[in-house]
Amino acid sequence: GDSVTQMEGPVTLSEEAFLTINCTYTATGYPSLFWYVQYPGEGLQLLLKATKADDKGSNKGFEATYRKETTSFHLEKGSVQVSDSAVYFCALIPNSGYALNFGKGTSLLVTP
Amino acid sequence: GAGVSQSPRYKVAKRGQDVALRCDPISGHVSLFWYQQALGQGPEFLTYFQNEAQLDKSGLPSDRFFAERPEGSVSTLKIQRTQQEDSAVYLCASSLAIKAGPRNTIYFGEGSWLTVV
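Just so it is clear, the structure is predicted and the values come from calculations on it, not from any experiment.

Caption draft 1: How the structure looks around the packing of aromatic side chains. Residue and element names in this part refer to chain A. Using the criterion set out here, one finds 15 aromatic pairs over all chains in the structure. Relative to Tyr66, the ring of Tyr25 has its centre 6.0 Å away and its plane inclined at 75°; by these criteria the two rings are edge-to-face. Of this pair, Tyr25 sits in strand E4 (residues 23–26) while Tyr66 is found in the loop between strand E8 (62–65) and strand E9 (75–77), placing the two residues 41 residues apart along the sequence. The exposure class of Tyr25 is buried, given its relative accessible area of 4%. Relative to Phe102, the ring of Tyr36 lies with its centre 5.8 Å away and its plane at 65°, an arrangement referred to as edge-to-face.

Caption draft 2: Geometry of unusual backbone geometry. The residue after Gly9(A), namely Pro10(A), is reached through a cis peptide bond having omega 0°. Along the chain, the position of Pro10(A) falls in the loop between strand E1 (3–6) and strand E2 (11–14). A positive phi is found at Arg81(B), a non-glycine position, where the angle reads about 45°. By the element assignment, Arg81(B) lies in the loop between strand E8 (75–79) and strand E9 (88–95).

Caption draft 3: Representation of the sheet that holds strand E3 (residues 19–24) of chain B within the structure. Residues and elements named next belong to chain B. If you walk across this open sheet you meet the four strands as E1-E3-E8-E7, and the pairing is antiparallel. Each edge of the open sheet is held by one strand with a lone partner, namely strand E1 (5–7) and strand E7 (65–68). Along the sheet, successive strands turn relative to each other by an average axial angle of 15°, direction set aside. One ladder, built from five bridges, connects E3 with E8; its direction is antiparallel. Paired with Ala20 across the strands is Lys78, a residue of E8.

Caption draft 4: Examining the state of the cysteines more closely. A full pass over the atoms with the stated rule returns two disulfides over all chains. The disulfide that involves Cys23(A) links it to Cys90(A), with 1.9 Å between the sulfurs. In this structure, the disulfide formed by Cys23(A) and Cys90(A) twists by about -70° around the S-S bond and is classed as left-handed. One end of the pair, Cys23(A), is in strand E4; the other, Cys90(A), is in strand E10 (residues 86–93), with 67 residues separating them in the sequence. In terms of burial, Cys23(A) and Cys90(A) fall into one category: buried. Cys23(B) shares a disulfide with Cys92(B); S-S distance 1.9 Å. Torsion about the S-S bond of the Cys23(B) and Cys92(B) cystine: about -70°, corresponding to left-handed handedness. Of this pair, Cys23(B) sits in strand E3 while Cys92(B) sits in strand E9, placing them 69 residues apart in sequence.

Here is what the cut-offs are and how they apply
- Residues numbered from 1 in each chain as written.
- Chains lettered and ligands numbered in written order.
- Predicted model: local features only at pLDDT ≥ 70, side-chain atom pairs only at ≥ 80, totals over all residues.
- Heavy atoms only, no water.
- Phe/Tyr/Trp six-rings, centres within 6.5 Å; stacked < 30°, edge-to-face > 60°.
- Helix = DSSP H or I, 4+ residues; strand = E, 2+ residues; numbered from the N terminus.
- Buried < 20%, exposed > 50% of the residue type's maximum accessible area, 1.4 Å probe, protein only.
- Pairing = 2+ DSSP bridges.
- Axes fitted to C-alpha atoms, helices over the stretch in contact; angles between N-to-C directions.
- Disulfide = S-S within 2.5 Å.

Without other data, these values stay purely geometric and don't point to any function.
Here you go:
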């Protein structure tokens, strides 16, 4: 079935470092791809999404590009802040589906 | 309300006890989802409603799990005879679309943390 694989954490970075969290997917056709973020003690929030190949989703300085050729949707940010410390989930909805399929999550800790 | 609201936020149940978890979706949202998130894992799909119709319950782990949305708004997830492996965060989510699909944003509640002792 359709699934998402993301890099295991935890990831620890210093403030202002460059962030990459890898995400690859397995799916039939063209799924929609998402990054959700879960801050400590809070619910899941949509960070960004892309619905077709070569689309770039962006929000709050984060970006991810839908790469069909490599079945990837890696999350990047040029300069992380302490407030970015959270768990990040890559997810997809199959082309003919309606429910999100999540990866296991990647914990990010940014230190001052 | 402004967002998806879930209650209780925290529940400790003795093994064998029945529990009921409530979800108030965003007003007007017709699609509603329940997910289970074990510690350190990603959310796993449990069930999906479109208005009051439960269109997909393929993710419910056993017949001890039951969900309903009788009037197409508030939903309840019920777990009978709870077991330790039921300990998890139960997330409710809703979407505006009549037929949820990949181009529609799904909004999540903060979850109900269930611990079975």
